[in-house]
Every structure is written in C-alpha cells, then in structure tokens.
Amino acid sequence: MAIQIIDEWEWLGLRLLESDEALLYAIDRDNDNCSEKAYKMLLKWKAAKGSDATFRVLHDALCHDIVNRRDLAEKFCLVTDD
C-alpha cells in the first residue's frame with residue numbers, strides 16, 4: 001500500500017501519528033524515495049500504537065477529508081460495523 005499513498009503519506013501520517021510533525025520531518029529527511037517515506041511512516045505508526053494500530057483506524061484516516069483516499073480504505077481495510 002505504501003506505493004499508493006506517496007502523494008498523501010504526510011497527511012495520512014498526521015492523522016495516524018496524531019500530528020507528530022517532528023517524526024514526519026525525520027522520516028522525510030532520512031528517506032529519499034516517497035514510497036519508502038510512506039512505508040516508514042506506516043511502520044512508525046504500528047510501532048507507536050501497537051495493538052491500537054487497527055484497520056479501523058487506518059480506514060478512518062484514509063477516509064478523512066485531508067487524505068481523501070476512500071478507494072484505498074475500501075481496498076485494504078475490511079471493516080465491519082459489528
């Protein structure tokens with residue numbers, strides 16, 4: 001999925017990492033390739049949030065107005081309303 005969010009990785013990161021701009025800056029600085037930045041951001045999110053890093057949270061972040069990637073949310077995040 002990282003390759004598909006190269007244009008939105010920072011916006012998605014702001015949603016997932018709760019506006020940790022310093023962490024996003026470090027990811028941006030330390031990685032040249034946009035897909036690598038997106039991948040590292042997702043890894044940092046998973047490491048920081050642990051079991052709270054769920055498909056529901058990812059789905060909601062992808063659907064947020066600033067990210068606007070409902071297509072990816074529907075493709076990668078099978079979420080039920082149970």
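Keep in mind that what you see is a predicted model, and the values were worked out from it rather than measured.

Here is what the cut-offs are and how they apply
- Residues numbered from 1 in each chain as written.
- Predicted model: local features only at pLDDT ≥ 70, side-chain atom pairs only at ≥ 80, totals over all residues.
- Heavy atoms only, no water.
- Helix = DSSP H or I, 4+ residues; strand = E, 2+ residues; numbered from the N terminus.
- Rg over C-alpha atoms; globule rule 2.2 N^0.38 Å.
- Buried < 20%, exposed > 50% of the residue type's maximum accessible area, 1.4 Å probe, protein only.
- Arc of directions from axis to C-beta.
- Contact = heavy atoms within 4.5 Å.
- Salt bridge = Lys/Arg side-chain N within 4 Å of Asp/Glu carboxyl O.
- Axes fitted to C-alpha atoms, helices over the stretch in contact; angles between N-to-C directions.
- Left-handed = near helix turned anticlockwise from the far one by under 90°.
- Nonpolar A, V, L, I, M, F, W, Y, C, P; charged D, E, K, R; others polar.
- Core = buried A, V, L, I, M, F, W, Y, C linked by side-chain atoms within 4.5 Å.

J.: What is the right way to read the overall build of the chain from this model?
T.: Looking only at helices and strands, one finds 5 helices and 0 strands in the chain. Sequence-ordered secondary structure for the chain, helices as α and strands as β, is α-α-α-α-α. Its C-alpha atoms give the chain a radius of gyration of 12 Å, within 12% of the compact-globule value 12 Å for 82 residues. Taken along the three principal axes of its C-alpha coordinates, the chain extends 40 × 25 × 20 Å.

J.: Help me out: how do you make sense of helix α1 (residues 9-16) in this one?
T.: Each α-helix winds once per 3.6 residues, and so residues spaced three or four apart point in a common direction. When α1 is considered as a whole, its buried residues turn out to be Trp9, Leu12, Gly13 and Leu16. Across the axial projection of α1, the buried residues extend over an arc of 105°, all falling on one side. On the buried face of α1, the contacting elements are α2 (21-30), α3 (34-49) and α4 (55-63). Phi turns positive one or two residues past the end of α1, at Glu18, with a value near 55°.

J.: How should the pattern of salt bridges be read in this particular structure?
T.: Pairing between side chains of opposite charge can happen when the charged atoms of each approach one another. By the definition in use, this model includes 7 salt bridges. Two residues, Glu36 and Lys40, come together in a salt bridge whose shortest N-O distance is 3.6 Å. With Glu36 and Lys40 both in helix α3 and 4 residues apart, this pair spans about one turn of that helix. Exposure remark for Glu36: the relative accessible area of 32% places this residue in the partly exposed category. A residue is classified by how much of its surface remains accessible, and Lys40, at 29% relative accessible area, is partly exposed.

J.: Just checking my understanding: could you explain the packing of α2 against α3 for this structure?
T.: Angle between the axes and distance between the axes: these two values describe a pair of packed helices. Taken N-terminus to C-terminus, the directions of α2 and α3 make an angle of 140°; their axes are 9 Å apart at the nearest point. Where α2 crosses over α3, the two elements pack in a sense that is right-handed. For the pair formed by α2 and α3, the contact residues are Leu23, Leu24, Ile27 and Asp28 on the first element and Lys37, Lys40, Met41 and Lys44 on the second. Tallied by class, the residues present in the contact of α2 with α3 amount to 4 nonpolar, no polar and 4 charged.

J.: Please clarify how the nonpolar core should be interpreted in this entry.
T.: For soluble globular proteins, the rule of thumb is that nonpolar side chains tend to be buried together. Core analysis: the biggest nonpolar cluster contains 21 residues, and Ile5, Leu12, Leu16, Met41, Leu58 and Leu62 have the highest contact counts within it. Listing elements by their share of this core, those giving two or more residues are α1, α2, α3, α4 and α5 (70-76). Filtering out sequence-adjacent residues up to four positions away, Ile5 remains in contact with Leu12, Ala38, Met41, Leu42, Leu62 and Leu72.

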